[in-house]
Amino acid sequence: MLVGIMMCACSTKQPVRTDTLLRHWQFTQDTTENPTWADVIIPHDWAISGPFDRSNDLQEVIVVQNGEKEPTWKTGRSGGLPWMGKGHYHTRVAVNKDKFYTLVFDGAMSHADVYVNGEEMVYWPYGYNTFDCYILPHLITSDSVDIDVFLENKPQQSRWYPGAGLYRNVHLVETDPIHIPTFGVLVRTPKVSKEFAQITIEVELQDGTETVSLTEDRPASPDGRQTDLLIQTDILYNGKVVATAEGQQGVAEVMHPQLWSPETPNLYIARTRVIKEGKILDEVETRFGIRSLSYTPEHGFQLNGETRKFKGVCNHHDLGPLGAAVHKDALRHQITMLKEMGCDAIRTSHNMPAPELVELCDEMGMMMMIEPFDVWNWGKTENDYNKEFDDWWKWDITNMVKHYRNNASVMLWSSGNEVWNQVLPDGIEIVTKLQNLFHQLDPTRPVTNGMDQAMHVIHNGFGAAVELPGFNYRTSRYIEGYEYLPQKMILGSETASTVSSRGVYKIPAILKDFAVYDDFQSSGYDVEYCPWAGLPEQDFQLQDDYHWTLGQFVWTGFDYLGEPSPYDTDAWPSHSSYFGIIDLASLPKDRFWLYRSQWNKEESTLHILPHWNWSEKDQVPVFCYTSYPSAELFVNGKSYGRLRFATAEETERLAKGEKIEGVSAMPKVGEFEVPVWGSAPRPELLPRYRLMWFDVPYEQGEITVVAYDAEGKEAARETVRTAGEPDHLEVIWANEKENPEELCYMTVKVVDKDGNLCPFADNLISYEGEGFVAAANGNAASLDSFVEPRMHAFAGQCTFIIRKGAKGSFRMDR
């Protein structure tokens, strides 16, 4: 039952500290006196197995932030899965009365009440945070103890899918009674250059549950246990000691440091030892990076002295068909896909992340904005965090910051997302006290806040009180914000909210807000968005043209469970988002290549859309997303013209109705109701970032885009062909190069006899064999179970997640 020792002191035969993952538990939702138990493996999300149902957390609410005045039925708002209710986990673990034990919960959804041998140890309501508790010595009366965890998720507790259960890891940490507590080492790099770095180390120490301070004038403890204690911290790089610090507050110097950045994610280890009379009592390894951060009006955001802008995405915590249960392979696959797109930052919206995500961001070079709250004391749903905020905000911020302040990837904190207090009288007071606590715990990083009420916060003092102003959408207010706010910097803390469905194209391609169709899909042409939001080009233009913008975090990198806008109001069966650049099955939408064409500066991009299976009389828009300066479209060898990107000056001419030779025309604009806090459509910006041929007559055969370099020479080409009837399956191991530890992502494609993707194929695909974990197809309205080894294809594709080394095969029903 006790597996996964993670940390040890190499100078002793037996580890002085062990960190054991408690994987094996019993679980029940039966509240009777003699419940029926099921054996489960942690991490465990009790709700992901379903079934989907419209009645699950059906919410009749007024979404004030969206300008709603009357209550409406929000179907699928939190995923349509049965995450509500109570759950009980039980396990028994071996212990030694001569040791000291700490239980660490990386996250427990939610209202966790932890008991050891029937005695309550800790209560922690917020399901996203890490918390710990001691197994008090008086409870160790034999060689084992019983641990019980009681959880409860309440209706209208969330406006997206929160998951349910012990969905993150649980650790049993065994130490000497004299030990370093959880989050007990703080590493800072106050002075950084290419030649030299100063490292400061602060170490907390405990004797049992009592804090120990090692000062020169402290008296010896009566029993002599704390006499002659020494603390030594070695700084290691690639396994070699490069510097050493002594004491609870030590200083070390590293010459010619290897700096951390997304391009060079170099990491050091601070190995801290507690020593008495030559014996190591405890040892903790703290991984960190050496880098400098600054945010100034003159230079914007600088990392290691170089100005850059965040090319970021917002992500919710669920992993699609895996639910909320954390899987390191799944997180690694997400980060790999995002880096391929050119993304360099993730905002953890709107809650604390899993530790595994932060560790991977450190290792793989992905910057982070870590955000704790979606609400303060004014709620968005009846039972969300507003019920806990006044009593728990200090504890939750403290644990979060102490947990992640050593991580190199963390660039800034956020104090909240679209909190309604931004327009209330208490807003400035609250944001100020939250920022003060952040800086008390970590003075090295700024604090932002994702503000969506720009028309108010620019002038009511709230925006001025936020250390680093973050605008959620409101692109039309950026210049006003820059002119009035004293910081003279604006971060795109949440941008775009473009909606699309992979492989589904609505013709003609017209800019629309909140467009809905009978098939519950959004157009893959990337021309539809929600009233509060916009298209990618509006944010590209702001980041490209204004030095005082700090970058952006797109909503969202991946689709997630819940919030199925624009199908959010009485629109079942839609139950997952349409915002993602990558869908719920980890398959990229066309928008992936639009962002890649702007963000990935290491590799060229050429992508053509849509598919080429239409009716003979159709006039089909053809779009090209590319990093090359121009491209030419051919249909069955006939040229439909060569296009280049519009310049910034030319977009102004396009907006006035002028036609420019060799530049794409603007797309047409449908009917819009622009709210006072929203942004009007900017169709003139699309020709600056997309190449678009409108009204191309359909002919069966093929379309080809030829890209040209700056000298006008052919550089690349891409072809899409008319597909025939489904013939066979093509299976691709999508994360093979990532060398996963456990989970393999298998992309299954329905193709014709020539290997062309069948764009309308919805065949039922079955997996026959061992090791099945989950499946998904990216269709936000699909009610296929994630946990059954069969899934309908959507737009010709689906994803199966299989355990590494398993043997099996795929079958297609015709």
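Look up: the structure comes first, before these words.
Asker: Go over the overall build of the protein chain, please, and point to the residues and values.
Answerer: Each helix and strand in the protein chain was counted, giving eleven helices and 51 strands. Relative to the globule expectation of 28 Å for 814 residues, the C-alpha radius of gyration of the protein chain, 27 Å, shows essentially globular dimensions. In terms of principal-axis extent, the alpha carbons of the protein chain reach across some 90 × 60 × 55 Å. For the protein chain, the proportion of its 814 residues judged to be buried stands at 61%. Within the protein chain, residue pairs in contact and separated by at least 24 positions form 69% of the contacts whose partners lie at least 6 positions apart. Here the protein chain has roughly 31300 Å² of accessible surface; of this, 48% comes from carbon and sulfur atoms. Here the protein chain contributes 73 positive and 116 negative side-chain charges, whose respective centroids are spaced 4 Å apart.

Asker: With reference to specific residues and values, describe helix α1 (residues 328-341).
Answerer: With 14 residues, α1 should reach 20 Å at 1.5 Å per residue; the first-to-last C-alpha distance of 20 Å fits that figure. Of all 14 residues in α1, ten are buried, a share of seventy percent or more. Among the residues of α1, Asp329, Ala330, Leu331, Arg332, His333, Gln334, Ile335, Met337, Leu338 and Met341 are the ones counted as buried. Its buried side turned inward, α1 meets β27 (310-315), β28 (345-348), α2 (355-364), α9 (591-599) and β46 (743-751). Positive phi shows up at Gly342, right after α1, with a value of about 100 degrees.

Asker: Quick rundown of the nonpolar core? Include the residues and the values.
Answerer: A general tendency of soluble globular proteins is for nonpolar side chains to be buried together. The biggest cluster of nonpolar side chains holds 186 residues, and the ones touching the most others in it are Trp25, Tyr89, Leu103, Leu166, Phe310, Phe373 and Trp612. Leave out the neighbours within four places in its chain, and Leu103 touches Leu22, Val114, Val116, Phe131, Asp132, Cys133, Ile135, Ile147, His171 and Leu172. Membership of the second largest hydrophobic core comes to 26 residues, among which are Val187, Leu205, Ala252 and Leu281.

Calculation criteria
Residues numbered from 1 in each chain as written. Predicted model: local features only at pLDDT ≥ 70, side-chain atom pairs only at ≥ 80, totals over all residues. Heavy atoms only, no water. Helix = DSSP H or I, 4+ residues; strand = E, 2+ residues; numbered from the N terminus. Rg over C-alpha atoms; globule rule 2.2 N^0.38 Å. Buried < 20%, exposed > 50% of the residue type's maximum accessible area, 1.4 Å probe, protein only. Contact = heavy atoms within 4.5 Å. Areas by Shrake-Rupley, 256 points an atom, 1.4 Å probe, with all protein chains shown as cover. Lys, Arg positive; Asp, Glu negative; His and termini not counted. Charge placed at Lys NZ, Arg CZ, Asp CG, Glu CD. Expected span 1.5 Å × (residues − 1). Core = buried A, V, L, I, M, F, W, Y, C linked by side-chain atoms within 4.5 Å.

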